[in-house]
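# Breakdown of the fold
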Amino acid sequence: MLDSSLVKLTQGLQPEDFSSPVLGRLYGLLLDHLDQGRSLQLGALEGELTGEESTLLAEILGQPAALENGAAAMADYRAVLETERMKQQPTTDEAVLLAARETYRKKKSI
């Protein structure tokens, strides 16, 4: 929401790719606003959000973010979403590779 140029990094992701239905709905709503050229300001979304969604989005926006790291953070978020989606389809070779990548990342960060 702070840098709309990062939306290009989400190309191909769908709201149903999120493990949290609330986050998926928020993502879909933000994409709709962008597609229609509408504001992404929290106030512009108020009428379209439930109380829970509004509170969650306000909490997310309240977390400090370094915009210079936006592209790297978006790539990390996308990798997590793709890994989780692939875990739901464990019969593919890609799912096995993504699971191995996640295991490697966890070991590397210890």
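Report follows, based on the coordinates.

Attention shifts here to the overall build of the protein chain. Helix and strand content of the protein chain: five helices and zero strands. Each helix and strand of the protein chain, ordered N terminal to C terminal, gives the series α-α-α-α-α. Across its three principal axes, the protein chain shows a C-alpha extent of roughly 40 × 30 × 25 Å. Looking at the protein chain as a whole, 26% of its 110 residues are labelled buried. Here the contacts in the protein chain between residues at least 6 apart in sequence split such that 49% fall between residues at least 24 apart. When the accessible surface of the protein chain is split by element, carbon and sulfur atoms take 56% of a total near 7600 Å². Distance between charge centroids for the protein chain: 8 Å, based on 11 positive and 17 negative side chains.

So, about the pattern of salt bridges. If you walk through the whole model with that rule in mind, you get three salt bridges. Put simply, Arg25 and Glu53 hold a salt bridge, and the shortest N to O gap is 2.6 Å. Of this pair, Arg25 sits in helix α1 (residues 21-35) while Glu53 sits in helix α3 (residues 51-61), and the two are 28 residues apart along the sequence. For Arg78, the salt bridge is made with Glu82, and the minimal N-O distance between the two is 2.8 Å. Remark: Glu82 and Arg78 occur in helix α4 (residues 70-87); sequence separation between them is four residues, near one turn of the helix. We classify Glu82 as partly exposed; its relative accessible area is 22%.

Relative to the assigned elements, Leu45 resides in helix α2 (residues 42-45). For the pair Leu45 and Leu23, spaced 22 residues apart in sequence, the C-alpha separation works out to 14 Å. The residues contacting Leu45, other than those within four sequence positions of it, are Met1, Leu29, Leu30, His33, Leu40 and Leu57.

Turning next to the nonpolar core. Counting eight residues, the largest nonpolar core consists of Val22, Leu26, Leu29, Leu30, Leu40, Leu45, Leu49 and Leu57. Here Leu57 is in contact with Met1, Leu26, Leu42, Leu45 and Leu49, once residues within four sequence places are set aside. One finds Leu13, Phe18, Tyr27 and Leu81 within the second-largest nonpolar core, a separate group that totals five residues.

Counted according to the given criterion, the structure contains one aromatic pair. Residues Phe18 and Tyr27 carry aromatic rings whose centres are separated by 5.0 Å and whose planes lie at 40° to one another, so their mutual orientation is tilted.

What counts and how
Residues numbered from 1 in each chain as written. Predicted model: local features only at pLDDT ≥ 70, side-chain atom pairs only at ≥ 80, totals over all residues. Heavy atoms only, no water. Helix = DSSP H or I, 4+ residues; strand = E, 2+ residues; numbered from the N terminus. Buried < 20%, exposed > 50% of the residue type's maximum accessible area, 1.4 Å probe, protein only. Contact = heavy atoms within 4.5 Å. Areas by Shrake-Rupley, 256 points an atom, 1.4 Å probe, with all protein chains shown as cover. Lys, Arg positive; Asp, Glu negative; His and termini not counted. Charge placed at Lys NZ, Arg CZ, Asp CG, Glu CD. Salt bridge = Lys/Arg side-chain N within 4 Å of Asp/Glu carboxyl O. Core = buried A, V, L, I, M, F, W, Y, C linked by side-chain atoms within 4.5 Å. Phe/Tyr/Trp six-rings, centres within 6.5 Å; stacked < 30°, edge-to-face > 60°.

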